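Chains, contacts and geometry: an overview
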Amino acid sequence: MTTPITIVGAGLGGLALSRVLHVHGIPSTVYEAEPSSSTRGQGGLLDIRDYNGQPALEAAGLTERFRELVLEGRQAMRLLDRDGNVLLDVPDDGTGGNPEVQRGELRQMLLDSLPDGTVRWDHKVSGVRALGDGRHEVAFANGTTATTGLLVGADGAWSRVRPLLTGAKPVYSGFSFVETHLFDGDDRHPTSAKTVGGGAMMVLEPGKGILAHRERGGNLHTWVMLARPLDWFAAIDFTDPAAATARVVREFDGWAPELTALITDGETPPVLRHIHDLPGEHHRWDRTPGVTLLGDAAHLTAPNGEGANLALYDGAELGKAIAAHPDDVEAALTAYEQAMFVRTAASNAEAPDLHVMLGDGTPHDLINAFTGS
Ligand SMILES: Cc1cc2nc3c(=O)[nH]c(=O)nc-3n(C[C@H](O)[C@H](O)[C@H](O)COP(=O)(O)OP(=O)(O)OC[C@H]3O[C@@H](n4cnc5c(N)ncnc54)[C@H](O)[C@@H]3O)c2cc1C
């Protein structure tokens, strides 16, 4: 089967690309490994930034719908110490410029904006190969194949498309997160809800920290952040939620009970997420006819608040570049990639990363960065 512009991955980046192409009257097909849009929890609050995520949604013609998803007050941010004392309290006064939305709701908004049948669910790409003249064959785990004249890898950290362009592989960043959820915080976990406050709350020490968000419905979503080697986690049995919780909370001995409750009162089994990134020097490749990458597939970086925003922006910029060069795919890809390489490097240089958040100078380096002192 020959398909139009072929996008692998229905994450935020791939969907933004498909939507911007659609706005310009250009058809595309998005192949997604998951069986349906509701297969995987898409939890997490994302702040959508006024210099990349929001312009991308504007290019997609979705600003109004995006505004309807914004959770008011969630740009509030507080930094506490291990005893629960407030070190920094930044209220949401409505001028923050980076409104927060639930990731799953944003993704659904993009899905709803595409013509029926654009996304082919349950199409996990198992391999790709060049056919020459910029054409590629994509093979799926379900045994089918598709050929295309323009292939876009929007398939995240472990991209199957990336090997066509670069040998770069994700490496463990040295950090892992353990994710917990406390539901209906104000009624069922009032002390923790008060501690988290109206938006985000962080407690940071060298090598460890707790980051929690107040999500829709007052749900408290926590990331326990630990700088530990992989074998440290391998010794914990995460199939035994009680034992895993007990082991993780031991790292926070002596911390205020309202903070450790975010771990011990979790209502879902704790989920371990190892954080990987692509070393910076691998965020570039030579132009290769008929194929490119966007989002995490192109520049996976340990969470720094930019990844989803950059994925949206990459998708929108690539869509605009293709629309601007209707008869010259290579000119479109060259223009997109040259700009993308530069903005990725700039963004990663500026964003605070986990090495700073959990580094020797934390939390005071971060407080100084916020207060400009
Ligand atoms: C713990 C954590 C917290 C984060 N917090 C933030 C934040 O607050 N703000 C922010 O901006 N960013 C954040 N990020 C980063 C952000 O999640 C990513 O940068 C963003 O999701 C990248 O979008 P994407 O579309 O490139 O890839 P993804 O969102 O990973 O989407 C890729 C899609 O491709 C599909 N896929 C994968 N393999 C295949 C295959 N072989 N065949 C077909 N389909 C496939 C996947 O199922 C998925 O749907 C966070 C990341 C983590 C891990």
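Residues numbered from 1 in each chain as written. Predicted model: local features only at pLDDT ≥ 70, side-chain atom pairs only at ≥ 80, totals over all residues. Heavy atoms only, no water.

With an unreviewed UniProt entry as reference, the chain is termed FAD-dependent monooxygenase, source organism Umezawaea endophytica.

Glu32, Arg103, Val125, Asp296 and Ala308 are the nearest of the 33 residues found near the ligand. Note that an oxygen atom of the ligand is positioned 3.4 Å from one of the backbone N or O atoms of Leu12. Contact between the ligand and Gly13: an oxygen atom at 3.0 Å from a main-chain N or O atom of the residue. Computed on the free molecule, the ligand has an accessible area of 1,000 Å², of which 82% lies beneath the protein chains in the complex. (Near = heavy atom within 4 Å. Polar contact = N/O pair within 3.5 Å; in protein donor to acceptor, adjacent residues only side chain to side chain. Areas by Shrake-Rupley, 256 points an atom, 1.4 Å probe, with all protein chains shown as cover.)

Now for the packing of helix α8 (residues 241-250) against helix α9 (residues 257-264). Put simply, α8 and α9 touch, their axes get as near as 9 Å, and they point 150° apart. The angle between α8 and α9 places the two elements in the roughly antiparallel class. Remark: the crossing between α8 and α9 carries right-handed chirality. Contacts between α8 and α9 involve Thr245, Val248 and Val249 from the former and Thr260, Ile263 and Thr264 from the latter. Here the contact of α8 with α9 is composed, by residue class, of 3 nonpolar, 3 polar and no charged. (Axes fitted to C-alpha atoms, helices over the stretch in contact; angles between N-to-C directions. Helix = DSSP H or I, 4+ residues; strand = E, 2+ residues; numbered from the N terminus. Parallel < 35°, antiparallel > 145°, perpendicular 65-115°, else oblique. Left-handed = near helix turned anticlockwise from the far one by under 90°. Contact = heavy atoms within 4.5 Å. Nonpolar A, V, L, I, M, F, W, Y, C, P; charged D, E, K, R; others polar.)

In sheet architecture, strand pairing relies on hydrogen bonds along the backbone and comes in two forms, parallel and antiparallel. The sheet built from 5 strands is open, its strands ordered β7-β2-β1-β11-β17 with parallel pairing. The open sheet has two edge strands, β7 (119-120) and β17 (291-293), and neither has a second partner. As paired strands, strand β2 (residues 28-31) and β7 are joined by 2 bridges and run parallel to one another. If you follow Tyr31 over to β7, its bridge partner there is Arg120. In the packing of helix α1 (residues 12-23) onto the sheet, contacts are made with β1 (5-8), β2, β7 and β11 (151-153), and the angle to β1 comes to roughly 160°. (Pairing = 2+ DSSP bridges.)

Turning our attention to the packing of helix α11 (residues 307-324) against helix α12 (residues 329-350). In contact at an axis separation of 9 Å, α11 and α12 are set at 155° when each is read in the N-to-C sense. Relative to α12, the element α11 is oriented roughly antiparallel. Two packed elements cross with a definite hand, and for α11 against α12 that hand is right-handed. Residues Leu310, Tyr313, Asp314, Glu317, Leu318, Ala321 and Ile322 of α11 touch α12, and the partners they reach there are Ala332, Leu333, Tyr336, Met340, Arg343 and Ser347. Residues that form the contact of α11 with α12 fall into these classes: 9 nonpolar, 1 polar and 3 charged.

Our focus in this paragraph is the domain arrangement of the chain. In many analyses, interface size is given as the accessible surface area lost on bringing the parts together. Domain annotation of the chain identifies domain 1 (5-73 + 101-169 + 281-352) and domain 2 (171-277). For domain 1 and domain 2, the distance between their C-alpha centres works out to 30 Å. With 14 residues of domain 1 at the contact, the number on the domain 2 side is 13 residues. Carbon and sulfur atoms make up 60% of the surface buried where domain 1 meets domain 2, a total of about 1,000 Å² over both sides. For the interface between domain 1 and domain 2, the tally reads 1 salt bridge. (Domains from an automatic or database assignment. Buried area = accessible area lost by both parts, 1.4 Å probe. Salt bridge = Lys/Arg side-chain N within 4 Å of Asp/Glu carboxyl O.)

On to the layout of surface pockets. In this structure, the second largest pocket occupies an estimated 200 Å³ of space. If you go around the second largest pocket, you meet 14 residues; those closest to its centre are Asp277, Thr301, Ala302, Asp353 and His355. Broken down by class, the residue content of the lining of the second largest pocket amounts to 6 nonpolar, 6 polar and 2 charged. (1 Å grid on protein atoms, 1.4 Å probe; cavity = no way out; pocket = protein on both sides within 12 Å on 5 of 7 lines; lining within 4 Å. Points joined across faces, edges and corners; volume = space filled by probe spheres on them.)

Once that is clear, we can look at the nonpolar core. Membership of the largest hydrophobic core comes to 56 residues, with the highest contact counts inside it found for Leu106 and Leu312. At 7 residues, α11 tops the list of elements feeding residues into this core. Within the second largest apolar cluster, 25 residues are counted, among which are Ile210, Leu220, Val249 and Trp255. (Core = buried A, V, L, I, M, F, W, Y, C linked by side-chain atoms within 4.5 Å. Buried < 20%, exposed > 50% of the residue type's maximum accessible area, 1.4 Å probe, protein only.)

Evaluated as defined, the whole model comprises 16 salt bridges. For Glu137, the salt bridge is made with Arg129, and the minimal N-O distance between the two is 3.1 Å. On the basis of relative accessible area, Arg129 is assigned to the partly exposed category, the value being 45%. Of the charged contacts in the structure, one is a salt bridge between Glu251 and Arg228, with a shortest N-O distance of 2.8 Å. Of this pair, Glu251 sits in the loop between α8 and α9 while Arg228 sits in the loop between β15 (220-227) and α7 (230-234), and the two are 23 residues apart along the sequence. The class of Glu251 is buried, set by a relative accessible area of 15%. For Arg228, a relative accessible area of 16% gives the class buried. One continuous salt-bridge network, built from bridges that share partners, spans Glu32, Glu34 and Arg107.

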